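Chains, contacts and geometry: an overview
One-letter residues, chain by chain:
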Amino acid sequence: MYSKKVLANGIRLITVPRPDSLSVNILVLVEAGSKYETKNQSGISHFLEHMCFKGTKKRPTALSISGELDALGAQYNAFTSQEYTGYYVTCLPDKVEQALDIISDMYLNSTFDAKEIEKEKGVIVEEINMIEDIPMRKIQDLFTKLLYGDQPAGWDVAGRVETVKKISQPDFLAYRRSHYVANKTIILVAGCLPAKTIAAQIRKCFADLSRQPGRNKLPVKEKQSRPNLLVYHKPSDQTHLVLGFRTFGIKREETYTVEVLTMILGGNMSSRLFQKIRDEMGAAYYIRAHHNSLTDHGYLDIASGVKNNKAVPALEAILRECRRLAEEEVPQTELAKAKDSLIGTTYLSLETPTDLSVYYGLQELLKREMMTPEEFAKKIKAVTAKDIKQLAKRVFTDRGLNLTILGPHKNKKKFSQVLHLYPHTN
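Residues numbered from 1 in each chain as written. Predicted model: local features only at pLDDT ≥ 70, side-chain atom pairs only at ≥ 80, totals over all residues. Heavy atoms only, no water.

A short note on the sheet that holds strand E1 (residues 3-6)
Strand order across the open sheet formed by six strands is E1-E2-E6-E3-E5-E4, with mixed pairing between neighbours. The strands lining the two open edges of the sheet, one partner per strand, are E1 and strand E4 (75-80). Adjacent strand axes in the sheet meet at a mean angle of 15 degrees when their direction is disregarded. Where strand E3 (residues 24-30) and strand E5 (residues 85-91) come together, seven bridges link them in antiparallel fashion. The residue of E5 that forms the bridge with Leu-27 is Tyr-88. (Pairing = 2+ DSSP bridges. Helix = DSSP H or I, 4+ residues; strand = E, 2+ residues; numbered from the N terminus. Axes fitted to C-alpha atoms, helices over the stretch in contact; angles between N-to-C directions.)

As structure tokens, this is what we get:
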């Protein structure tokens, strides 16, 4: 069972004891991501995450940090998304005090050396170039751009080459000062460590964290009245597509219904889309549905890589399956299987201290409340076939329909002609 307390300086501390574990995970989450950026600083959240590994006053080089962490036998890394950045270290229980000293030093005291910034710009630019060459990644960036356009929710987390190249040391210092503050920071500790011991250590290591209020992000603006289509021409042996619908933020109760719906549609190898697109049509190697829900917006997307000459038939088949969910109630046996699959995969994804930290940390960051896996399972079990049908009718509409195509296609017409859930009404 987890425990949460708010420290005197405003940091939220969540501990998840697991006495049978051989390790301890320390995860520091901050409410700072690409949705907190302005257009001229796009990519700074992700860039700053990189720079926190490049040196502090106490540990002046990247090797000072990595060498000390490696000497602990630790696993460590960081990640950035639209709404948060995270830094973590997983180590043995007797190394926790040293690991906390290192991760807090990185979080509080990174120097952002000008020479290191210039070198790391090349790394970031190559990461952006790498994404350009990975269709399964690139298509997702194109999809969010189609959905949200020229606002933070539509910008790439890695930023743009032209903005990354302009970021300087004063920019990093100002951004950290505005966002890396106590009331925007959540520290998770999971594994075999008593909560009382870790709380005292964290209070000591993070005592100097600013108590100034952090800046909030701007709300997402959503406006759509008809299907949206983006075709990105790129020579390739496969057509990658993402088709999706606008949904809602993570706090909505319907989230549990849409999770079950997503599992039925394309959540595993026995899902409707996997059976139709891969097993029956032989049109794709990968096909999956996913629901992405953040603080103030969300979307359900279906992604696939299909044979170039089967792109249109595959799209038509996907739309038919979406329409079927809005027109027919899911049979009870299929509904029960989807629920069991969702609950089972959730439990199996929480087997390590790192998994537990992420599970509870993102709930606190995105929802400001947490539920145990058992409470989550109870919510999923309560979803009915009627709930799914009603939700599908609301979500699967032409006015919320979006499609991104990446492949050797220049003619948008063949896709726009079939981009309707109910062609007979148009």
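Some thoughts on the nonpolar core
Leu-243, Ile-302 and Phe-396 are the most contacted members of the largest nonpolar core, which totals 73 residues. When residues in this core are grouped by element, the largest group, nine residues, is from helix H11 (residues 311-327). Not counting residues up to four positions away in its chain, the partners in contact with Ile-302 are Leu-241, Val-242, Leu-243, Leu-265, Leu-273, Ile-287, Arg-288, Ala-289, Ile-318 and Cys-322. Ile-44, Val-89, Ala-158 and Ile-202 belong to the second largest nonpolar core, which has 51 residues in total. (Core = buried A, V, L, I, M, F, W, Y, C linked by side-chain atoms within 4.5 Å. Buried < 20%, exposed > 50% of the residue type's maximum accessible area, 1.4 Å probe, protein only. Contact = heavy atoms within 4.5 Å.)

Section: unusual backbone geometry
Even without a glycine there, the phi angle at Phe-112 is positive, about 55 degrees. Relative to the helices and strands, Phe-112 resides in the loop between helix H3 (96-109) and helix H4 (114-132). Phi at Arg-368 is positive, roughly 65 degrees, even though this residue is not glycine.

Re the sheet that holds strand E11 (residues 401-407)
Here we have five strands laid out as an open sheet, ordered E7-E11-E8-E10-E9, and mixed in their pairing. Where the open sheet ends on each side, the last strands, each with one partner, are strand E7 (228-233) and strand E9 (284-293). Each adjacent strand pair in this sheet contributes to an overall mean axis angle of 10 degrees, direction not counted. In the sheet, strand E8 (residues 239-246) pairs with E11 via six bridges, with the strands oriented antiparallel. In the sheet register, Val-242 faces E11, and the bridge partner there is Thr-404. Sitting on the sheet, helix H9 (residues 255-266) touches E9 and strand E10 (298-306), and the angle it makes with E9 is about 180 degrees.

Focus on the environment of Gln-275
Mapped onto the secondary structure, Gln-275 falls in helix H10 (residues 272-280). For the pair Gln-275 and Ile-198, spaced 77 residues apart in sequence, the C-alpha separation works out to 49 Å. Apart from the residues within four sequence positions on either side, Gln-275 is in contact with Met-269, Ser-270 and Glu-280. Among the polar contacts made by the side chain of Gln-275, one reaches the side chain of Asp-279 at a distance of 3.1 Å. (Polar contact = N/O pair within 3.5 Å; in protein donor to acceptor, adjacent residues only side chain to side chain.)

Points about the pattern of salt bridges
If you walk through the whole model with that rule in mind, you get 27 salt bridges. Of the charged contacts in the structure, one is a salt bridge between Glu-31 and Arg-12, with a shortest N-O distance of 2.6 Å. Placement of Glu-31 in the loop between E3 and helix H1 (44-51) and of Arg-12 in strand E2 (residues 12-17) is noted, with a sequence separation of 19 residues between them. The burial state of Glu-31 is the same as that of Arg-12; both residues are buried. The closest approach of N and O atoms between Glu-162 and Arg-160, which form a salt bridge, is 3.0 Å. By relative accessible area, Glu-162 is classed as partly exposed at 44%. The structure contains a network of salt bridges with shared partners spanning Lys-4, Arg-12, Glu-31, Lys-184, Glu-364 and Arg-368. (Salt bridge = Lys/Arg side-chain N within 4 Å of Asp/Glu carboxyl O.)

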